[in-house]
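# Architecture at a glance
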Amino acid sequence: MPIRLRITLATTGLMIIALAALGTGMYITMSSSLHNDMDSRLRLVYESYVKNPGAWYAQGQVRVLVPNTDPFTQTGAFIQITDERGEVLDRSDNLSQETVPVTVTVLDRNANFETVIYDTKIDGDPIRVLSGRLETQSGNLIAFVQVAEPRHQLNATLGTLKRNIIWGSVFSTLMLASGAWLVGDAVMRPLARMSNTARSIGRTGDLSQRLQPPKTHDEAQQLGETFNEMLARLEETFNAQRRFVADASHELRTPLTALRANADIMLRQIESGIYDRDDLAEGLTDVRDEVDRMTRLVQHLLTLARADVGWRPELEPVDLVDAARDAARVATPLVRGQQFEIELPPPGPDGHSPDVDVRGNADQLRQLMLILLDNAFTYAPAGSDVRLAVALDDDQAILSVHDNGPGIAPDHLRRIFERFFRTDDARARSSGGTGLGLAIARWIVAVHNGQITADSTPGEGTTFKVRLPLLPPEADSSRIRNDAVKATPTS
Ligand code: ADP
């Protein structure tokens, strides 16, 4: 069932219940108030009548003299006197020859000192009657008095009230129902429009489309805007994935083409029977280099693909000094004639190096340093300096890799952390790079809640600086300490 219809039905249903309760309450209150008024009047007439013995008792004999009622105080009241069997002894003039009906049961109750009020009819006209005793001054029962009043005024008033309540309720309910229907339409129309656009996006897969949220400053606008933000993020992710796959295929094609070309040359030589040992060795070296490059590329792709699906390395307390020494050892064979040095925090007065403990993953931190060192050894010329440094700065650990290489132009510096970005120079050198190293470095730093920045002056060199939050001292106690090793930094 459409929400609009549901809102209308629910509102109307609630309105009907509320109006029924209100109308019934009003009718009951009004009816009992009018009846109470009428009963008070009847009682007043009855009491003023029975308390005035002169009106009905004269000369020691039972004689009933019914006075004509005062038209101002006792408007329209009928008075009738009966004996215990209900035989009429006398009646007021305004009754003419009519009789106010009274039952023996009522008279019996009167005889037992009970005043009874009841509804009945005279000649088809509704009346309300009060029946009571008529006594001598000494309390002896002489006869019974019925004081009555026509009900048609009261019935007419209650009838009008009932009609007004019913028609008023019907009118209000119809107004409310149409109001709810119109408001429901106003509320639902933008939602329906947004739902159509969302369906069209789902059908066509066109993530560049956007919803048109209503400018209503309400939940509908919020929903539209949130959905648009989600679409923007999806579009961005989708485009990035598409670029990633396209770039990856492109990067894989180059080594594959080289492999194929080398294989063709070698096969041709073997088929012709004239082959040169050195040529074959060179071809096979190329094949090995290309396979190495592909292996590196595939490893990098795998790392980024895992990062994209949310994989995170396990973090534990790691000493950055140990990790740096480890990375320096592994990176030493990559040195291409540069002066490589490692700079660690100076030992304290006790001869021990200060702790540089971070919450991290030792393998990933070593990988980070290797990426930065590999770049430095690749791009910096032989004879220049390459420095790996670990330092402390307040509550942060600083890891930096500095080289005196060619530097990076400012335009390129902004993009070096993008996937597959390589400067033309780097491509021309066929350095074996994949353009993914720094993208992985950025991801590793991000999962360690750190920051990585690159500072470079073309012609002078480049410094990559990684800031990582230091572990608070108490968290440090779980780490296995090895001060003996730390006390002898190798540089
Ligand atoms: P690659 O595998 O090509 O080194 P990276 O993502 O590690 O990919 O680096 C991206 C690009 O940034 C490199 O191609 C290179 O142009 C530039 N770059 C990175 N490090 C340095 C550096 N130390 N000196 C000069 N250029 C660098």
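See above for the structure.
This report concerns the structure included in the present document. Quick caveat, the model's predicted, so the values are computed rather than measured.

### Examining the packing of aromatic side chains
Scanning the model with the defined rule gives 4 aromatic pairs in all. Measuring from centroid to centroid gives 5.2 Å for Phe 340 and Phe 377, while their planes differ by 90°, and the two rings are edge-to-face. With Phe 340 in strand β9 (residues 339-343) and Phe 377 in helix α7 (residues 362-379), the pair connects residues that are 37 residues apart, well separated along the chain. The partly exposed category is assigned to Phe 340, whose relative accessible area is 22%.

### Thoughts on the pattern of salt bridges
Taken as a whole, this structure holds 22 salt bridges when the rule is applied. Asp 119 is the salt-bridge partner of Arg 151, the closest N and O atoms lying 3.0 Å from each other. Residue Arg 151 is found in the loop between β7 (141-150) and α3 (152-204), and its partner Asp 119 is found in strand β5 (residues 116-122); the two are separated by 32 residues along the sequence. You can call Arg 151 buried: its relative accessible area is 9%. A salt bridge links Glu 235 to Arg 210, with the nearest nitrogen and oxygen atoms 2.8 Å apart. One end of the pair, Glu 235, is in helix α4 (residues 219-272); the other, Arg 210, is in the loop between α3 and α4, with 25 residues separating them in the sequence. By relative accessible area, Arg 210 is classed as partly exposed at 27%.

### Some details on a negative patch on the surface
On the surface, a cluster of negative charge is contributed by Asp 276, Asp 278, Asp 279, Glu 282, Asp 286, Asp 289 and Asp 292. In this fold, Asp 276 is placed in the loop between α4 and α5 (277-308).

### A look at the nonpolar core
Nonpolar side chains tend to gather and get buried jointly when the protein is soluble and globular. In this structure, Leu 320, Leu 368 and Leu 388 are the most contacted members of the largest nonpolar core, which totals 52 residues. Among the elements that make up this core, the one with the highest residue count is α7 (9 residues). Other than its neighbours up to four places away in sequence, Leu 368 contacts Leu 399, Ala 441, Ile 444, Val 445 and Val 466. Membership of the second largest hydrophobic core comes to 16 residues, among which are Leu 42, Ile 81, Val 145 and Val 147.

### Here we look at the site of the ligand
Taken together, 18 residues surround the ligand, and among them Asn 375, Asp 403, Thr 423, Thr 434 and Leu 438 come closest. Here an oxygen atom of the ligand sits 3.3 Å away from a polar atom, N or O, in the main chain of Gly 437. Here the ligand loses 96% of its free accessible area of 520 Å² to cover by the protein chains. For the ligand, the cavity whose grid points lie within 2 Å of the majority of its atoms is the largest pocket. Counting only elements with at least two residues in the shell around the ligand, the list comes to α7, α10 (437-447) and β14 (461-469).

### Here we look at the layout of surface pockets
Of the voids in this model, the largest pocket is the one considered here, and its volume is about 1200 Å³. Listing elements by their share of the lining of the largest pocket, those giving two or more residues are α5, α7, α9 (424-428), α10 and β14. Element by element, the count of residues in the lining of the largest pocket is highest for α7, at 12 residues. For the lining of the largest pocket, the residue count by class is 19 nonpolar, 18 polar and 10 charged.

Thresholds, definitions, all that
- Residues numbered from 1 in each chain as written.
- Predicted model: local features only at pLDDT ≥ 70, side-chain atom pairs only at ≥ 80, totals over all residues.
- Heavy atoms only, no water.
- Phe/Tyr/Trp six-rings, centres within 6.5 Å; stacked < 30°, edge-to-face > 60°.
- Helix = DSSP H or I, 4+ residues; strand = E, 2+ residues; numbered from the N terminus.
- Buried < 20%, exposed > 50% of the residue type's maximum accessible area, 1.4 Å probe, protein only.
- Salt bridge = Lys/Arg side-chain N within 4 Å of Asp/Glu carboxyl O.
- Patch = residues over 30% accessible without salt bridge, like charges linked within 9 Å, V, L, I, M, F, W, Y side chains within 5 Å.
- Areas by Shrake-Rupley, 256 points an atom, 1.4 Å probe, with all protein chains shown as cover.
- Lys, Arg positive; Asp, Glu negative; His and termini not counted.
- Charge placed at Lys NZ, Arg CZ, Asp CG, Glu CD.
- Core = buried A, V, L, I, M, F, W, Y, C linked by side-chain atoms within 4.5 Å.
- Contact = heavy atoms within 4.5 Å.
- Near = heavy atom within 4 Å.
- Polar contact = N/O pair within 3.5 Å; in protein donor to acceptor, adjacent residues only side chain to side chain.
- 1 Å grid on protein atoms, 1.4 Å probe; cavity = no way out; pocket = protein on both sides within 12 Å on 5 of 7 lines; lining within 4 Å.
- Sits in = over half its atoms within 2 Å of the grid points.
- Points joined across faces, edges and corners; volume = space filled by probe spheres on them.
- Nonpolar A, V, L, I, M, F, W, Y, C, P; charged D, E, K, R; others polar.

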